[in-house]
Amino acid sequence: NTLRGAFADKFLIGTALNVRQVESKDKALQALVRDQFSAVVAENCMKAEVVQPKEGVFKFEDGDRLCDLAEKNGQVVTGHCLIWHSQAPKWFFKDKEGKTVSRDVLIQRMKDHIYKVVGHYKGRVKGWDVVNEAIEGNGEFRKSPFYKIIGPDFIRLAFQFAHEADPDVELYYNDYGMDSPRKREAVVRLVKDLKAHGCRIDAVGMQSHLGLNTSLGEYEKSMEAFIGAGVKVLVTEMELSVLPWPKGNYGAAIETNFAYKDEMDPYKDGLPEEKAKEQNDFYIKLFDIYLRHSKDIGRVTFWGVSDGDSWKNNFPIHGRTDYPLAFDRDLKPKPFVKTVIEMAKSG
Ligand code: G3I
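Residues numbered from 1 in each chain as written. Predicted model: local features only at pLDDT ≥ 70, side-chain atom pairs only at ≥ 80, totals over all residues.

With that settled, the discussion passes to the overall build of the protein chain. Per the secondary structure count, the protein chain includes 14 helices and nine strands. The C-alpha atoms of the protein chain give 20 Å as radius of gyration, which agrees with the globular expectation for 347 residues (20 Å, within 12%). Each principal axis of the C-alpha atoms in the protein chain carries an extent, and together these give about 55 × 50 × 45 Å. When each of the 347 residues of the protein chain is scored for burial, the buried share is 43%. (Helix = DSSP H or I, 4+ residues; strand = E, 2+ residues; numbered from the N terminus. Rg over C-alpha atoms; globule rule 2.2 N^0.38 Å. Buried ≥ 20, exposed ≤ 12 C-beta atoms within 10 Å, placed from the backbone.)

Grouped together as the largest cluster of nonpolar side chains are 93 residues, with contacts concentrated most on Leu 66, Val 130, Ala 158, Ala 162 and Val 204. Element by element, the count of residues in this core is highest for helix H8 (residues 154-165), at eight residues. Among all residues touching Ala 158, those that are not within four sequence positions of it are Leu 82, Ile 83, Met 110, Ile 114, Val 130 and Val 131. (Core = buried A, V, L, I, M, F, W, Y, C linked by C-beta atoms within 7 Å. Contact = placed C-beta atoms within 7 Å.)

A few words on the site of the ligand. Within the structure, the ligand sits among Glu 43, Asn 44, Ser 86, Gln 87, Asn 132, Tyr 176, Gln 207, Glu 237 and Trp 311. Residues of the shell around the ligand, tallied by class, amount to two nonpolar, five polar and two charged. (Near = placed C-beta within 6 Å. Nonpolar A, V, L, I, M, F, W, Y, C, P; charged D, E, K, R; others polar.)

We now examine the pairing of strand S8 (residues 232-241). Within S8, ten of the ten residues are buried, which leaves the element mostly enclosed by the surrounding structure. Sheet topology note: the strand S6 (residues 203-206)/S8 ladder contains four bridges and is parallel. Across the sheet, the residue bridging to Gly 205 is Leu 234, located in S8. In the sheet, strand S7 (residues 209-211) pairs with S8 via three bridges, with the strands oriented parallel. Pairing of His 209 across the sheet is with Glu 239, part of S8. Following the chain from S7 across helix H10 (residues 216-228) to the adjacent parallel S8, one finds a crossover that is right-handed. Judged from the four bridges that link them, S8 and strand S9 (residues 297-302) form a sheet pairing that is parallel. Along S9, the bridge assignment pairs Leu 234 with Arg 299. (Pairing = 2+ DSSP bridges. Right-handed = clockwise from strand over helix to strand, strands pointing away.)

Summarising burial for strand S1 (residues 12-17): six of the six residues are buried, a large majority. The side-chain alternation of S1 yields two buried faces, one formed by Leu 12, Gly 14 and Ala 16 and the other by Ile 13, Thr 15 and Leu 17. Bridge count between S1 and S9: four bridges; the pairing is parallel. Each bridged residue has a counterpart across the sheet, and for Gly 14 the counterpart in S9 is Thr 301. Sheet topology places S1 next to strand S2 (residues 39-42); four bridges connect them, and they run parallel. Each bridged residue has a counterpart across the sheet, and for Ala 16 the counterpart in S2 is Val 41.

A cis amide bond links His 80 to the next residue, Cys 81, at an omega of -10 degrees. By the element assignment, Cys 81 lies in strand S3 (residues 76-84). With an omega of 0 degrees, the peptide bond running from Phe 315 to Pro 316 counts as cis. Phi is positive for Ser 208, close to 70 degrees, though the residue is something other than glycine.

Listed below in structure tokens is the structure:
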């Protein structure tokens, strides 16, 4: 009666792990990770700024330990991520004088990074989030340093380099806010463009950082559009926040207005029953979508194990109390877990 067992013939069920969890001696946590999940992904320790903090200096220890744990548990590892504007080391884009590097230099740095990292994890990682978050909600390319210095073909180059580094590894494009119709269309265009250029792309990763107001209709349409473009779908970073999204310049508002901070942290003393039910129902609807599309879905990964260690407690406002994941702060499963296990077993 675990997620891992119930979904075994549907799709992988994953979780993101941080370094503390990988190294934790907490037996209950380790058993939960082993028993409930068939896949893991590094929450931070395989990102470029961690892996190559200085040019030519690579740090693989934390990622290696995550792979060791996964191998011990018989779990699939996803590499996250190769090329992303955030958590990319600053030196990527600057020369020794601090001037912006040329297109050729950045392409070479991208190639070196991808070759080294993909090469290091060859055989241990099933697939890579090759490019992360390159498209804005309005469908335009994000004006990241990669885009500004290289142009839109940085994406194609990244996929090409990853494939050269490990022809057997799966390659994914990963992004959030996929319920946006413009983003959906842009991602479909991107998939088609990569395929037209002969690049390998196995799946689109729908991060799925969701809130209770996310339109599941639009979300499902995007899933169908990606499948229609000839790739698998992976749900790569799922969670369901119950907190309000702050309006306007929330940083300043919070520093000067403590009442506002309270308003933004309404469940610090516990989640009211009706909110918990709303979340529970939403999760059941989500899994209903996943089960209906299960033949085209490779994996559904929660972005964390339990509510206490979710990044959402610190975003977009630091120090709140959110309840976005499948297991609560005491590592107890929420009611929907049992329901979706039953749904998987009977479907
Ligand atoms: O490691 C340092 C620590 O030394 C320092 O004392 C502390 C002070 O703030 O920061 C620690 O680094 C934090 C890091 O997480 C590790 O905990 C960073 O500040 C914090 O920004 C970083 O946040 C991560 C975020 O990516 C960075 O953009 C989150 O944990 C991680 O969940 C989040 O994951 C991303 C996916 O990779 C891509 N999709 C969106 C998703 C959510 O933002």
